[in-house]
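Notes for the structure review
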Amino acid sequence: MRERRGRRPRRRWLLALGLPVVLVVGYVVWAFLPAPPQSPVAGHGPVTTSDEPWVVAIDGGGAPPPGGPPEKTCVGTLVAPRAVVTAAHCIGREPAEISVVIGRTDLRSGDGRSIAAVDTWIAPGWPGDAQGLLGGLFGPVHSPPDVGVLLLETAVPGPSLPMATLDRAWPAPASKGRVTGWRVSPHDEPVLWQTPTITLDDARCTAAAADAFSRMPPVVWHGYRYDTDAYLCAGEGPSAFVVRPTDSGAPLVVDGHLVGVANWRPGADRDAPQFYGRVGVHAEHITRLVESAGTHGTFTR
């Protein structure tokens, strides 16, 4: 009997140490293994870089994540000939280690070209790695703005996508939008696909974030406190879809303007909304930065 009682504390310690490991492994499996086929919805289908010339693949340096397409760690959007807007968490390296791939509909091909980044900007308040992967295990953490910009070495000829200005930063609930990325296809192929979605009101986004945290502590950088200045959310139920991690930064377009970049979604619930960094609140500052760089310079801060 004494021997059995002596083993119980050790079992509790094993459980305490093992739970974070299980949560992290579960997240990695959900994040990086190929996505299960998604149910088709009207307007969900393949596009080309001729259709969406402003959508670019970002090579963030290092090896591609397991299960992700080659030469791609994120997605970005050309908002000016030298400027790509993406998620802040996609900019974790020095500019010299980052490049973008232009004009490659199928990432398995050699089409298009690669252009190096020479400068970056990240929205103030983004903590980078300081918050930590396991920060969410200990309670709701700050949800900072997850928007950033890459400045390219050379200008990209052709059209760019206008950013939503401050008056367009908060699209009306139920506004029709579209999201484009390389892991949106039903069978998770590394080809450019587009899917429709609808924006949700802030009350619903706040509730979705809170509900997700109540069910499982987040193993993410963002935390689950919905900040209406930092985020908007879209897609729920039939209009929901899974934005895979290497499609972070994928553009949410409403009325022909970039209103958001894909950031995070609450857990693995396929019907939950997707959360996007709100671009319009930073558009004026981004425009000034890009203008300061001119055709060959870097950002003037």
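Residues numbered from 1 in each chain as written. Predicted model: local features only at pLDDT ≥ 70, side-chain atom pairs only at ≥ 80, totals over all residues. Heavy atoms only, no water.

A closer look at the confidence of the model for the protein
- Residue-level pLDDT values for the protein average 80, and 70% of them are 70 or greater.
- In the model, residues 1–6 has pLDDT below 50 throughout and makes 0 contacts with residues more than four positions away in sequence or in other chains.
- Ignoring residues within four places in sequence, the model shows residues 26–33, a span with pLDDT below 50, making 21 contacts including any to other chains. (pLDDT = per-residue confidence, 0-100. Contact = heavy atoms within 4.5 Å.)

A few points about the pairing of strand E11 (residues 251–254)
- Here E11 shows a buried face lined by Pro251 and Val253 and a second buried face lined by Leu252 and Val254.
- Where strand E8 (residues 176–181) meets E11, 3 bridges bridge the pair, whose relative direction is antiparallel. Bridge assignment links Gly177 to a residue of E11, and that residue is Val254.
- Across 4 bridges, E11 lies against strand E12 (residues 257–264) in antiparallel orientation. The partner of Leu252 across the bridge, within E12, is Gly260.
- The turn joining E11 and E12, which pair antiparallel and follow one another in sequence, is formed by 2 residues; a positive phi near 55 degrees is taken by Asp255. (Buried < 20%, exposed > 50% of the residue type's maximum accessible area, 1.4 Å probe, protein only. Helix = DSSP H or I, 4+ residues; strand = E, 2+ residues; numbered from the N terminus. Pairing = 2+ DSSP bridges.)

Observations regarding the sheet that holds E8
- Strands sit in the order E1-E9-E8-E11-E12-E13-E10 across an open sheet of 7 strands; the sheet is antiparallel. Each end of this open sheet is capped by a strand with a single partner; those strands are strand E1 (45–46) and strand E10 (231–234).
- By the bridge criterion, 4 bridges tie E10 to strand E13 (residues 274–278) in an arrangement that is antiparallel. Of the residues in E13, the one forming a bridge with Cys233 is Phe275.

Details of the packing of aromatic side chains
- Scanning all chains against the criterion turns up 2 aromatic pairs.
- With 5.9 Å between their ring centres and 90 degrees between their planes, Tyr231 and Trp264 make a pair best called edge-to-face. With Tyr231 in strand E10 and Trp264 in strand E12, this pair connects stretches of sequence that are 33 residues apart. Here Tyr231 and Trp264 have matching classes, each one buried.
- Here the aromatic rings of Trp264 and Phe275 are separated by 4.2 Å at their centres, their planes lie at 10 degrees, and the arrangement is stacked. Placement of the pair is Trp264 in strand E12 and Phe275 in strand E13, with a sequence separation of 11 residues.
- On the basis of relative accessibility, which here comes to 0%, the residue Phe275 falls in the buried class.
- Aromatic rings pair up to connect Tyr231, Trp264 and Phe275 into one cluster. (Phe/Tyr/Trp six-rings, centres within 6.5 Å; stacked < 30°, edge-to-face > 60°.)

A few points about the side chain of Ser99
- Looking at the element boundaries, Ser99 is found in strand E5 (residues 99–102).
- Side-chain polar atoms of Ser99 contact the side chain of Ser114, separated by 3.4 Å.
- Non-local contacts of Ser99, meaning those with residues more than four positions away in its chain, are made with Ala57, Ile58, Asp59, Ser114, Ile115, Ala116 and Ala117. (Polar contact = N/O pair within 3.5 Å; in protein donor to acceptor, adjacent residues only side chain to side chain.)

Notes on the nonpolar core
- Val85 and Val100 are the most contacted members of the largest nonpolar core, which totals 68 residues.
- Beyond its immediate sequence surroundings of up to four residues, Val100 is in contact with Val56, Ala57, Ile58, Val84, Arg113, Ser114, Ile115, Leu150 and Leu152. (Core = buried A, V, L, I, M, F, W, Y, C linked by side-chain atoms within 4.5 Å.)

Focus on the state of the cysteines
- This model, assessed by the stated rule, comprises 2 disulfides.
- For Cys74, the disulfide goes to Cys90, at an S-S distance of 2.1 Å. Here the S-S torsion is close to -85 degrees, and the disulfide linking Cys74 with Cys90 is therefore left-handed. Taken as a pair, Cys74 in strand E3 (residues 74–80) and Cys90 in the loop between strand E4 (83–86) and E5 lie far apart in primary sequence, 16 residues in all. One exposure class covers both Cys74 and Cys90, and it is buried.
- The disulfide bridge from Cys205 ends at Cys233, spanning 1.9 Å between sulfur atoms. The S-S bond linking Cys205 to Cys233 shows a torsion near -90 degrees; that makes this disulfide left-handed. One end of the pair, Cys205, is in helix H2 (residues 202–215); the other, Cys233, is in strand E10, and 28 residues separate them in sequence. The same class applies to Cys205 as to Cys233, namely buried.
- Here the bonded cysteines of the protein are numbered in sequence order, and their pairing is 1-2, 3-4. (Disulfide = S-S within 2.5 Å.)

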